[in-house]
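Overview (structure and organization)
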Amino acid sequence: MSARGPIWREPGMAALALMTCAGFSGYALLLTVAPLWAVEGGAGTAGSGLVNGVLLLFTVLTQLLVPRALERFGWGPVLAAGLSLMSVPGMLYGLDDGLAAILGLSALRGVGFGILTVTGSAAVAALVDPRRRGEAIGAYGLAIAIPNLVLLPAGPWIAATFGFGWVFALNVLPLVGIPAALRLASTLRRTTAEVVAPVDPVDDDEDVLRHLLSPILILLAVTLAGGAVVTFTPQAVDSPSIAAAGLFLMGFASAVSRWRAGVLADRYGAQRFVVPMVALTAVAMAGVAWAVARPSDIAFLVALLLLGLCYGGLQNLTLLISFAAVARRHHNRASAFWNIGFDAGTALGSVAVGVIAELTSFTTAFLICGAIAAATLPLALRRPRTVPAHDGS
């Protein structure tokens, strides 16, 4: 593989970007619209909150199984199944606004999302020379960020302006990514042909997780903070316009940071950026808590901008460290564990922080998030394990 030229020109990278944009379009469109549809059908706050909770639960359960599914069925069928499950169940929401039906379709979408997240990050490691892996992870992160930046805020607006049916119809977008997914699968079959599958998946899972515990715990802490802010900013901030502006700044900063952090990591090493970003995550959450308590619009916007830089950058860096810590034949499992850490942190940020805020206040809850991030500093200071790039065993 070439180490020169735009990263998109690496074999398979353009197909991965197209597939990712298409697949995450189905996620972004319905993330806020599906709970609103449950409310439209008569569900209360708790019922609507279950919609994305079920989605996330089945995402994590599926992520545990994706590496073995790839070994058994191959890239093409697994990718096509993931995109289909991201699309078709969402298009069927309009048939029934009852909570049971919505939760069942959300579970199917969670299976598709679990497939998409694990295969996408695993494909990056398989496609690109390790010397450019950080840049490739950044490009992959940008492909995720684009539909989230555009379609996440557009979904509720489309539903309110034109009706829910239009949003459900637009969920055909993941199916558009299937041709790109099949091209990607063809490239990956050639790229990974020499990698021998593990003999004992259970022992391998335990071994891989042991080496990945530090980066996954760091990731969990920052996604807990990010999940808490994304979920509860509309409730914690009095001004809807300030809440929207803050979340946009966080999303934009996260996208840019995740994209560009990889280039710096390839040049200077990933580890040197982890410690300051972990520390800045704690500072940013303290700033969020202070701005909510005061309140201060400027402080809130600055804190979310800073949090976004750490949120995006640490996603890239922890994934890069995770791939470097295990042999190539374990990259699919590393991807699965990394994605589980991401989604588990996001879930904790939504559920646990909500409980803490109800018992105390949002200020206290956000401060606890910052303290949890600060508690991972000793892990960030550890020298990470690195397996030689040529070690495929």
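Residues numbered from 1 in each chain as written. Predicted model: local features only at pLDDT ≥ 70, side-chain atom pairs only at ≥ 80, totals over all residues. Heavy atoms only, no water.

Looking at an unreviewed UniProt entry, one finds the protein named MFS transporter and attributed to Nocardioides baculatus.

As for the environment of Pro378
Summarising the element assignment, Pro378 is placed in helix 17 (residues 377-381). The spatial distance from the C-alpha of Pro378 to the C-alpha of Ser214 is 9.4 Å, given a sequence separation of 164 residues. (Helix = DSSP H or I, 4+ residues; strand = E, 2+ residues; numbered from the N terminus.)

Notes on the confidence of the model for the protein
Averaged over every residue, the pLDDT of the protein is 87; residues scoring 70 or more account for 92%. Contacts of residues 194-203 to residues separated by more than four positions or lying in other chains number 13 contacts, the stretch itself having pLDDT below 50. (pLDDT = per-residue confidence, 0-100. Contact = heavy atoms within 4.5 Å.)

Considering the side chain of Thr346
Mapped onto the elements of the fold, Thr346 is located in helix 15 (residues 331-359). Side-chain polar atoms of Thr346 contact the backbone oxygen of Phe342, separated by 2.9 Å. Not counting the four nearest positions on each side in its chain, Thr346 is found in contact with Thr223, Leu224 and Gly227. (Polar contact = N/O pair within 3.5 Å; in protein donor to acceptor, adjacent residues only side chain to side chain.)

A word on helix 1 (residues 13-30)
Structural remark: α-helix, 3.6 residues per turn; residues separated by three or four positions point the same way. When the terminal C-alpha atoms of helix 1 are compared, their 26 Å separation across 18 residues agrees well with the 26 Å that a helix rising 1.5 Å per residue should span. The principal kink in helix 1, of about 25 degrees, is found at Phe24. (Expected span 1.5 Å × (residues − 1). Bend = angle between axes of the 7 residues up to and from the residue.)

So, unusual backbone geometry
Note that the residue after Arg294, namely Pro295, is joined by a cis bond; omega there is -10 degrees. With respect to the helices and strands, the residue Pro295 is situated in the loop between helix 13 (271-293) and helix 14 (297-325).

Section: the packing of helix 1 against helix 6 (residues 99-127)
Two elements in contact, helix 1 and helix 6, have axes separated by 11 Å at closest approach and are oriented at 155 degrees. Here helix 1 is positioned roughly antiparallel relative to helix 6, judged by the angle of their axes. Note on packing geometry: the crossing formed by helix 1 with helix 6 is left-handed. For the pair helix 1 and helix 6, contact is made by Met13, Leu16, Met19, Gly23, Phe24, Gly26, Tyr27 and Leu30 and by Arg109, Phe113, Leu116, Thr117, Gly120, Ala123, Val124 and Leu127, respectively. (Axes fitted to C-alpha atoms, helices over the stretch in contact; angles between N-to-C directions. Parallel < 35°, antiparallel > 145°, perpendicular 65-115°, else oblique. Left-handed = near helix turned anticlockwise from the far one by under 90°.)

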